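The residues making up each chain are set out below.
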Amino acid sequence: MKLYYFSEMPHHEFPDEEGAKYPSLRLDFPNRFFNPEKARANYQRYLDEYEFADRAGFDGLMINEHHSTPSCVNVSVNMTAGILARTTTRAKLLILGNILPIEDNPVRMAEQLAMADLISGGRVLSGFVRGTGVETWWANSNPVHNRERFEECHDLILKAWTTPGPFRWEGRHYHFRHVNPWCVPLQKPHPPIWIPGTASPETAVWAGRRGYTYVPFLVPFDVARELFDYYRQGAAEVGRTAGPDDFGFLICAVTADTKAKALEAGRHFVWRMGPTLRGPVEYFSPVGMRSRAGTQFAMRARPRSLATMSYDELLDGHYIIAGTPDEVIDRFAHVRRELGIGHLLLEAQESRMDHPTTMRSIELMGAKVIPAMATG
Amino acid sequence: MRPREQTISVGGIDVHAWTGGQGEPLMVLHGAGGNRGWTRWVEQVAQRFTVWAPTHPGFGRSGDAPWMESIDDLARFYLWLIDAAGLGRPHVLGHSIGGWVAAELATMSPRSIDRLVLVAPGGLKPERGEILDIFYHPPAELRTLSVHDPTTIPEWDELFGRAPTAAELETAVRNQEMTARLTWKPYMHNPRLARFLPRVTNPALIVWGREDRVVPLDCGEQYRRLLGNATLSVLDKCGHLPPIEQPDTFARLVIDFLRGPIRP
């Protein structure tokens, strides 16, 4: 099983009691609490940690993008991919992902991804996501068009990567007279595509039909298995049998020299589960963004919000794994057995987890956990 | 006098409509909350006019129209419905987004309609203040923001007094989705509408609640200035839902205006 290092590049640099005064840390919390001096140092630190994860032996470096929230100030995955393409040498660059429905220029996105793929020597794994409602508000993109735009943006990017230009694109949401990018990916026919999932059966089926790697984020195991079944259904429709390499899973994880230290570090993940996900449902899922099936599935998939769970409950549910390298190896193996996955994505830095703790966790993962998980 | 329900097929869409009353035709276009049917004010106005109250495509029991993109599409659609249903040259009354539809269709074809009643319509960008973002607020909060004082609303219990059924919740979501489809961006207004409103010289009555927290009264003043022959009537102690908040006063205003002399 392959392991991926991931940081949301949070900006938890404000008094928590200030954040608590607002309905949500997303959209509402004023950016006067953004501290440029702290952010300048944090970006350097986060990039150092990514580069160290590359040297330590992680199979991939995962990056993501959010907007209008202190939980993630990586505001451009393609910019970060461009940096890491140049400063790292071996790990895959898992961009998970570009938020397609809010993108107004898929051709530019195709070019940027191609450039990152070229600079990195063909290491880009190109994830495409629908985004949360927060990103839809941020971009002022009509939520009722979210799925249509996701699919059309995807189709245009793939065509830009694989069909010699120039050609014209007159779709429902995108219109381009001349598509002829002078930058196409190194990987042929195109970089592998990854799709995350939290609640949408349609997305799982869609990814299965296309043979994309599918990764549920922070859901209970039974929900992940159900989503994988939807994926297999899609794969079967096109005569394909899905295997472990088609499936990934995302959890939060940290290791340390002692169990006590690891548990202390792991507690920082509670912030991302709780305060950063707090807010009215309209912010995260504006009207029309989800289909009826998706809404119903989401209600079943999340009988309890992560925000209401204690640290112990999050540990018991495998949303967070924190322990010595041996303990972490056992837990990862358990996740692999339960889900039959080939990729485990580790949100491995969070909030106020300090730099030395993060670096030591990366080091121990590289020295002990990654080799142990590489087989099987 | 009981209204009847019917289906009018226009452009491949089955439009559900309430119809009833007597007299000249009056087409009533509902707001984002959906078609509330034969409420108290409609009952009164239907004593004097034949009321046609269609449910917008994508709302309630009308068919879907996922291809529609804007309020202008809906306005063009209603011009077609006026012909298809044989309404002749009806008076048109619209509330909130229905008022915006009425204003747009009047600019497209002023001779297709007789008099115009716009009740707290969207459509224009306020010069002062902002139109409330109705998609950003949970339903209960939005209801509070929509009215001035729930305790003075005679039909409150009938309309909002019990928890909605699953089917009603489903309809509410569908109504919201279609509203989002039509009004998301630019939010709740058409930057070009103000340029076309002076074409409309039909007698027009604009009704606004002085305490409207959804669409600022400022927009009512703009409509009055831009339309060629309009009166603005502002109701005190009233929010965004004059037909529901003050049904008797509202019905009287509408009847008097539609039956009154034409101002030169």
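Along every chain, residues carry numbers that run from 1 in the direction the sequence is written. Here chains are named by letter from A upward and ligands by number from 1 upward, in the order in which they appear as written. For a predicted model such as this one, the threshold for reporting local features is a pLDDT of at least 70, and the threshold for listing and counting side-chain atom pairs is 80 or more; totals across whole chains, interfaces and linings nevertheless cover every residue. Only heavy atoms go into the side-chain values, all of them from the structure, while hydrogens and water stay out.

Visitor: Please clarify how the overall build of chain B should be interpreted in this entry.
Guide: Comment: elements are numbered from the N terminus, with helices defined as DSSP H or I runs of at least four residues and strands as E runs of at least two. Counting secondary structure elements, chain B contains ten helices and eight strands. Here the globule rule reads 2.2 Å times residues to the power 0.38, and the radius of gyration is calculated from C-alpha atoms. At 17 Å, chain B has a C-alpha radius of gyration in line with the 18 Å of a compact globule built from 264 residues. Overall, the C-alpha framework of chain B stretches about 50 × 40 × 35 Å when taken along its three principal axes. Type-normalised accessible area, obtained with a 1.4 Å probe on protein chains alone, sets the label of each residue: buried when under 20%, exposed when over 50%, and partly exposed for intermediate values. Across the 264 residues that make up chain B, the buried fraction comes to 57%. Roughly 11,500 Å² of accessible area belongs to chain B as shown, and the carbon and sulfur atoms make up 50% of that amount. Methods summary: accessible areas were calculated by the Shrake-Rupley approach with a probe of 1.4 Å, and residue burial reflects only the protein chains presented.

Visitor: Can you walk me through the interface of chain B and chain A in this structure?
Guide: Interface size is commonly expressed as the accessible area that is lost once the parts come together. Residues count as neighbours in contact if any of their non-hydrogen atoms are within 4.5 Å of one another. Residue-level contacts link 19 residues of chain B with 17 residues of chain A. By salt bridge we mean one thing: a side-chain nitrogen of Lys or Arg within 4 Å of a carboxyl oxygen of Asp or Glu. For the pair chain B and chain A, the number of links is one salt bridge. Two residues, Glu 69 of chain B and Arg 172 of chain A, come together in a salt bridge whose shortest N-O distance is 2.3 Å. Nitrogen and oxygen atoms within 3.5 Å of one another constitute a polar contact, given that in protein one can donate a hydrogen and the other can accept it, and given that sequence-neighbouring residues count only through two side-chain atoms. Between chain B and chain A we count seven residue pairs in polar contact (both at pLDDT 80 or more) in total. In terms of residue count, the dominant contributor to the side of chain B that touches chain A is helix 6 (residues 166–183) of chain B (seven residues).

Visitor: I tried to follow the sheet that holds strand 1 (residues 2–7) of chain A on my own but got confused; where do I start?
Guide: Note: strands within a sheet are paired through backbone hydrogen bonds, in either parallel or antiparallel orientation. Residue and element names in this part refer to chain A. Reading across the sheet, the nine strands line up as 8-7-4-3-2-1-11-9-10 and stay open at both edges, with parallel pairing between neighbours. Strand pairing shows two members of the sheet lacking a second neighbour, strand 8 (213–216) and strand 10 (320–323), which therefore form its edges. Geometrically, the sheet is characterised by an average inter-axis angle of 30° between neighbouring strands, direction not taken into account. When DSSP finds two or more bridges between two strands, those strands count as paired. Alignment of strand 1 against strand 2 (residues 60–63), held across three bridges, turns out to be parallel. Counterpart to Tyr 4 in the pairing with strand 2 is Gly 60. Lying over the sheet, helix 3 (residues 77–87) contacts strand 2 and strand 3 (92–99), oriented at roughly 170° with respect to strand 3. Contacting strand 8 and strand 9 (248–255), helix 8 (residues 221–237) crosses the sheet at an angle of about 155° to strand 8. For helices, the fitted line uses only the C-alpha atoms of the stretch in contact; every axis is such a line through C-alpha atoms, and the angle between N-to-C directions lies from 0 to 180 degrees.

Visitor: Would you take a moment to explain the sheet that holds strand 2 (residues 13–21) of chain B for this structure?
Guide: All names here are of chain B. Taken together, eight strands build an open sheet; the order of strands is 1-2-4-3-5-6-7-8 and the sheet is mixed. With one partner strand each, in any of the chains shown, strand 1 (4–10) and strand 8 (230–235) form the two edges of the open sheet. Each strand of the sheet is rotated relative to its neighbour by a mean of 20°, with strand direction disregarded. Where helix 8 (residues 217–226) meets the sheet, it contacts strand 6 (116–119), strand 7 (204–209) and strand 8, and its direction lies at approximately 170° from that of strand 7.

Visitor: I'm lost on the packing of aromatic side chains in this one. Help?
Guide: One pair of aromatic rings is described through two measures. These are the centre distance and the angle between the planes. Planes of paired rings set the category: under 30 degrees apart is stacked, over 60 is edge-to-face and the rest tilted, where pairs are Phe, Tyr or Trp rings (Trp by its six-membered ring) whose centres lie within 6.5 Å. Under the definition given, this model contains 22 aromatic pairs over all chains. Seen in terms of ring centroids, Tyr 231 of chain A and Phe 247 of chain A are 4.9 Å apart; in terms of plane orientation they differ by 70°. Their pairing is edge-to-face. Here Tyr 231 of chain A, found in helix 8, pairs with Phe 247 of chain A, found in the loop between helix 8 and strand 9; they are 16 residues apart in sequence, far enough to count as distant. A ring has a charge above it when a Lys NZ or an Arg CZ is no more than 6 Å from the ring centre and no more than 35 degrees off the ring normal. The ring centre of Phe 167 of chain A lies 4.5 Å from the NZ or CZ of Lys 159 of chain A, which sits over that ring. Between Arg 115 of chain B and the ring centre of Phe 257 of chain B, over which it is positioned, the NZ or CZ distance is 5.7 Å.

Visitor: What is the right way to look at unusual backbone geometry in this model?
Guide: Excluding glycine, a negative phi dihedral is what most residues carry, and trans is how most peptide bonds are arranged. In this model, Leu 96 of chain A is joined to Gly 97 of chain A through a cis peptide bond whose omega is -5°. Structurally, Gly 97 of chain A can be placed in strand 3. Phi is positive for Ser 96 of chain B, which is not a glycine, with a value near 60°. Note on placement: Ser 96 of chain B falls in the loop between strand 5 (91–95) and helix 3 (97–108). What makes Ser 96 of chain B buried here is its relative accessible area of 12%.

Visitor: Teacher, can you tell me more about the state of the cysteines here?
Guide: Residue and element names in this part refer to chain A. Pairs of cysteine sulfur atoms within 2.5 Å are identified as disulfides in what follows. One pass over the full model with this rule turns up zero disulfides over all chains. For Cys 72, which is in no disulfide, the shortest distance to another cysteine sulfur is to Cys 252 and amounts to 13 Å. The class for Cys 72 is buried, based on a relative accessible area of 1%. Here Cys 153 is not cross-linked by a disulfide; its sulfur's nearest cysteine counterpart is in Cys 183, at 17 Å. For Cys 153, a relative accessible area of 0% corresponds to the buried category.

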